[in-house]
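Tertiary structure, described
Each chain is listed here by its residues.
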Amino acid sequence: MNKPLLAALSGLVIAGTGMAPAVAAPQAAPKAAAVTVDFAGTVSLSNCSGSVIRFPNSTDTSPALVLTNGHCLETGFPEPGEVITGQSSSRTFGLLNSAGTKVATLRANQVVYSTMTDTDVTIYRTTTTYAAIKSAYNISPLTVSATHPTAGTAIKVVSGYWKTIYSCNIDGFVYRLKEGDWTWKDSVRYTSACNTIGGTSGSPVIDTSTGQVVAVNNTGNEDGETCTVDNPCEVSETGAVTVREGINYAEETYNIPACFTSANVLSLSASGCTLPKP
């Protein structure tokens, strides 16, 4: 995993000229301009990164949610098969502005959802609303896309902990990503330029053409080992195992919006919700 920082540090030693045609040739549609991606709306945790998120149908008066990894949960890694909902929490988050400067401390009152099964996410509910954050700090949440990401998409991984932005592309998708006792489904593989490190766990992965969150950064193969902790392996539909030393990964988030109401209430029984259930 792009493990929590303390764990990471403990493991370190540290044109032609002819006449123009009578009819103009059709032109390709212009590419969408890239969105400016900065630190606004991201957060720093005690040992991980994260972001203030909303869903496409969330209302401004809903309690603000914070997204990070399941393995960043303050009470420890959820066990394989374990799903945590409604757990009390008082965890704090440093809210960053566009320059990466901490402008406020947000506080959770609940772990709404956390698991390391099929995916690697924790979602916290805070004691404030999107509207209040916007009014006080002029910072808007990041919107989680409800559409599956596309291979080749330009992305940025924004670490609130390190105040670092990694730029690369989605290289492809992994049928199963196995690390130690945990297995994740349909994971995102980055191209090599996103060389994320410990402390970047939980960083939002942002599609630069839309500005929306398409995944949450979570792991990478550090030493070339096979399927061990900090050395995830790719497993194909036929069971073939591939190890890519130095390559990093994220877990998709497009399936999360269907599991929440417009008031940001978790509804795992909602139509279209495919998140693992307790």
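This is a predicted model, so every value here is computed, not measured.

Our focus in this paragraph is the state of the cysteines. As used in these notes, a disulfide is a covalent bond between sulfur atoms, one from each of two cysteines. Tallied over the full model, the rule gives four disulfides. The side chain of cysteine 168 participates in a disulfide bridge whose partner is cysteine 194; the two sulfur atoms lie 2.1 Å from each other. For the disulfide bridge between cysteine 168 and cysteine 194, the dihedral angle about the S-S bond is near -100 degrees, and by the sign convention the bridge is left-handed. Remark: cysteine 194 occurs in the loop between β11 (182-190) and β12 (204-207) and cysteine 168 occurs in strand β10 (residues 164-179); sequence separation between them is 26 residues. On the accessibility criterion, cysteine 194 (1% relative accessible area) is buried. Each disulfide in the protein chain links cysteines that, numbered along the sequence, combine into the pattern 1-2, 3-4, 5-6, 7-8.

Tallied over the full model, the rule gives six salt bridges. The partner of arginine 91 in a salt bridge is glutamate 74, and the shortest N-O contact between them spans 3.8 Å. Here arginine 91, found in the loop between β4 (83-88) and β5 (92-96), pairs with glutamate 74, found in the loop between β3 (63-68) and β4; they are 17 residues apart in sequence, far enough to count as distant. For arginine 244, the salt bridge is made with glutamate 234, and the minimal N-O distance between the two is 2.8 Å. Of the two residues, arginine 244 is situated in the loop between β15 (241-242) and β16 (248-252) and glutamate 234 in strand β14 (residues 233-235); the sequence distance between them amounts to 10 residues. Residue arginine 244 is classed as partly exposed on the basis of its relative accessible area of 31%. Among the charged side chains, a network of salt bridges with common partners joins Asp171, Arg189, Glu234 and Arg244.

Take the nonpolar core next. Counting 43 residues, the largest nonpolar core has Val52, Leu65, Phe93, Leu95 and Phe260 as the members making the most contacts within it. For this core, the secondary-structure elements that each account for two or more residues are β2 (49-54), β3, β4, β5, β6 (102-115), β7 (121-129), α2 (130-137) and β13 (213-220). For this core, the leading source of residues is β6, giving six residues. Core analysis: the second largest hydrophobic core is formed by 12 residues, Val188, Tyr190, Cys194 and Ala250 among them.

Enumeration according to the criterion identifies four aromatic pairs in this entry. Taking the centre distance of 5.3 Å and the plane angle of 75 degrees together, the rings of tyrosine 161 and tryptophan 162 count as edge-to-face. Here tryptophan 162 falls in the partly exposed class, since its relative accessible area comes to 35%. Cation over ring: arginine 54 sits above tyrosine 130, and NZ or CZ is 5.5 Å from the ring centre. Sitting over the face of the ring of tyrosine 175, arginine 176 holds its NZ or CZ atom 4.0 Å from the ring centroid.

Another point: the environment of alanine 215. Take alanine 215: it is sitting in strand β13. The buried category is assigned to alanine 215, whose relative accessible area is 0%. Taking the C-alpha atoms as reference, alanine 215 lies 9.4 Å from histidine 148; in sequence the two are 67 residues apart. Discounting residues that sit within four places of it in the chain, alanine 215 has contacts with Val188, Ser203, Pro204, Val205, Ala250, Glu251, Glu252 and Thr253.

With that settled, consider the environment of lysine 185. Mapped onto the fold, lysine 185 is located in strand β11. Placed 66 residues apart in sequence, lysine 185 and glutamate 251 show a C-alpha to C-alpha distance of 8.0 Å. Apart from residues no more than four positions distant in its own chain, lysine 185 is found in contact with Asp118, Val174, Tyr175, Arg176 and Glu251.

Rules behind the numbers
- Here the residue numbers are simple positions, counted from 1 along each chain's written sequence.
- Confidence filtering applies because this is a predicted model: local features only for residues at pLDDT of at least 70, side-chain atom pairs given and counted only at 80 or more, and all residues used for totals across whole chains, interfaces and linings.
- Each side-chain value is derived from all of the structure's non-hydrogen atoms; neither hydrogens nor water enter the calculation.
- Only a pair of cysteine sulfur atoms within 2.5 Å counts as a disulfide in this structure description.
- Helix and strand assignments follow DSSP, with helices taken as H or I runs no shorter than four residues and strands as E runs no shorter than two, numbered in order from the N terminus.
- Burial classification: accessible surface area is computed with a 1.4 Å probe over protein chains only, and a residue below 20% of its type maximum counts as buried, one above 50% as exposed, and the rest as partly exposed.
- Put simply, a salt bridge is a Lys or Arg side-chain nitrogen that is within 4 Å of an Asp or Glu carboxyl oxygen.
- By nonpolar core is meant a set of buried Ala, Val, Leu, Ile, Met, Phe, Trp, Tyr and Cys residues that side-chain atoms within 4.5 Å join together.
- Ring geometry is summarised as follows: Phe, Tyr and Trp rings, the Trp one being its six-membered ring, pair when their centres sit within 6.5 Å, and such pairs are stacked at plane angles under 30 degrees, edge-to-face over 60 and tilted between the two.
- Only Lys NZ and Arg CZ are tested; either one counts as a charge over a ring when it is within 6 Å of the ring centre and within 35 degrees of the ring normal.
- The contact definition used throughout considers only heavy atoms, calling two residues in contact when any of these lie within 4.5 Å.

Without other data, these values stay purely geometric and don't point to any function.
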